[in-house]
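Survey of secondary and tertiary structure
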Amino acid sequence: QPGAFWWLVVYAAALGVYTSDVVFQHRIGEDGGGSKGVPRLPMMLLGSGWALALACLAMSVNCERILGAYRDWQQRYAGAFVLHVPAAGAVAREVVRSRVETGE
């Protein structure tokens, strides 16, 4: 079921990853009794992977809504954005022209 609920799930997952990273800044399982524990990096990667997987799931469930919002934005600003790549050397010529005009 698409909707805002999925974004709350992603937010909760990201908050959970951040909280677990802050709470378990030391190595997990170190109790002073010779236990080596679990290194922090694999736990952080596991939590980040979980949050990323939930984000991908939320995006796939809400794909139509995301594309609809993008299309609305695109139609709203259709004439405002134009990608123009100048021909090779045009930028250099413009810089030289502006320097000549300003006397640099």
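Structure: see above.
Residues numbered from 1 in each chain as written. Predicted model: local features only at pLDDT ≥ 70, side-chain atom pairs only at ≥ 80, totals over all residues. Heavy atoms only, no water.

Looking now at the overall build of the protein. Looking only at helices and strands, one finds four helices and zero strands in the protein. Each helix (α) and strand (β) of the protein, taken in turn from the N terminus, gives the series α-α-α-α. Summarising the internal contacts of the protein: among those between residues at least 6 apart in sequence, 60% fall at separations of at least 24. (Helix = DSSP H or I, 4+ residues; strand = E, 2+ residues; numbered from the N terminus. Contact = heavy atoms within 4.5 Å.)

Once that is clear, we can look at the environment of Val17. With respect to the helices, strands and loops of the structure, Val17 is situated in helix α1 (residues 4–23). For the pair Val17 and Met43, spaced 26 residues apart in the sequence, the C-alpha separation amounts to 9.3 Å. Beyond its immediate sequence surroundings of up to four residues, Val17 is in contact with Gly47, Ser48 and Ala51.

Compared with the 28 Å implied by 1.5 Å per residue over 20 residues, the 28 Å span of α1 between its first and last C-alpha is a close match. For α1, the complete set of buried residues consists of Trp6, Val10, Ala13 and Val17. Angular distribution of buried residues about the axis of α1 spans 60 degrees; they occupy a single face of the element. Residues of α1 that are exposed and angled more than 90 degrees away from the buried face: Ala4, Phe5, Leu8, Tyr11, Tyr18 and Val23. (Expected span 1.5 Å × (residues − 1). Buried < 20%, exposed > 50% of the residue type's maximum accessible area, 1.4 Å probe, protein only. Arc of directions from axis to C-beta.)

To continue, consider a nonpolar patch on the surface. There is a patch of nonpolar side chains on the surface, built from Tyr11, Leu15, Tyr18 and Val22 and spanning about 440 Å² of accessible area. Here Tyr18 lies in helix α1. Here Tyr18 falls in the exposed class, since its relative accessible area comes to 55%. (Patch = residues over 30% accessible without salt bridge, like charges linked within 9 Å, V, L, I, M, F, W, Y side chains within 5 Å. Areas by Shrake-Rupley, 256 points an atom, 1.4 Å probe, with all protein chains shown as cover. Salt bridge = Lys/Arg side-chain N within 4 Å of Asp/Glu carboxyl O.)

Another point: the environment of Pro2. If you trace the backbone, Pro2 turns up in the segment before α1. Judged by its relative accessible area of 45%, Pro2 falls in the partly exposed class. Non-local contacts of Pro2, meaning those with residues more than four positions away in its chain, are made with Val61, Asn62 and Arg65.

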